[in-house]
Amino acid sequence: MRTVVSKLGVIVFILLLLPAAALAQIPTRGNVFFGYSYGSADLSSNGRTNLNGWNGSLDGKVLPWVGCVADFSGLYGTQNISVAPSFSADTRVNTVVLGPRVSVGVGKFTPFAHALFGASHIHESAAGFSDSDTAFASALGGGIDYRLIHGIGLRVQADMLQTRFFSNTQNNFRLSTGIVLHF
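Residues numbered from 1 in each chain as written. Predicted model: local features only at pLDDT ≥ 70, side-chain atom pairs only at ≥ 80, totals over all residues. Heavy atoms only, no water.

Moving on to the confidence of the model for the chain. With 79% of its residues at a pLDDT of at least 70, the chain reaches an overall mean of 86. Within the chain, the element-level pLDDT minimum falls on helix α1 (residues 2-24), averaging 59, and the maximum on strand β7 (residues 152-163), averaging 97. (pLDDT = per-residue confidence, 0-100. Helix = DSSP H or I, 4+ residues; strand = E, 2+ residues; numbered from the N terminus.)

Moving on, we get to the environment of serine 130. Here serine 130 lies in strand β6 (residues 129-149). Taking relative accessible area as the criterion, serine 130 reaches 49% and is therefore assigned partly exposed. For the pair serine 130 and aspartate 90, spaced 40 residues apart in the sequence, the C-alpha separation amounts to 9.4 Å. If we skip the residues at most four places from it in the chain, serine 130 touches His123, Glu124 and Ser125. (Buried < 20%, exposed > 50% of the residue type's maximum accessible area, 1.4 Å probe, protein only. Contact = heavy atoms within 4.5 Å.)

Moving on, we come to the pairing of β7. Only one face of β7 is covered, namely the face carrying Gly153, Arg155, Gln157, Asp159, Leu161 and Thr163; the face carrying Ile152, Leu154, Val156, Ala158, Met160 and Gln162 is uncovered. Two strands pair when backbone bridges link them, and β6 and β7 are joined in this way by twelve bridges, in the antiparallel orientation. Within the sheet, the bridge partner assigned to isoleucine 144 lies in β7 and is valine 156. Pairing of β7 with strand β8 (residues 170-182) involves twelve bridges; the strand directions are antiparallel. Counterpart to glutamine 157 in the pairing with β8 is serine 176. Linking β7 to β8, which pair antiparallel, is a turn of six residues; within it phenylalanine 166 sits at a positive phi near 50 degrees. (Pairing = 2+ DSSP bridges.)

Listed below in structure tokens is the structure:
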């Protein structure tokens, strides 16, 4: 009987210990970013298009200098389409990319670099015309955070955002700035 009780005690102890071990795997440090984003996009054969919008990300640390990032952005604007007759199309580009980010704190500054991969969606519309596509996207880049006060900082980030809309490769530039909350 004692053996059964001691085995039951060990099983209960292990079952109580497993949730604590699982909680230890959740990142306890990281940051949340949200701000303005400017994009110089190569969306058509007519040259580059200037887009404005927003960029946000969530970064959870898995090691002191390595994090896992989810990055979201929306860029909006108008691009000129030069077919007979030429017209302007309203353009929306939404992107979700994920991947690793490496960062190292140096005083009030935290420079970082990342390689993010995911998907992007474009929607273009004009009078009587509408087209959209979803494609693979990658964002290679980095930036720097400047700590204003404990837990709050400013971020400047630049990315080479590559998309493959309508079976063509576009090499776009994205510059973002805003507030970053460190936890």
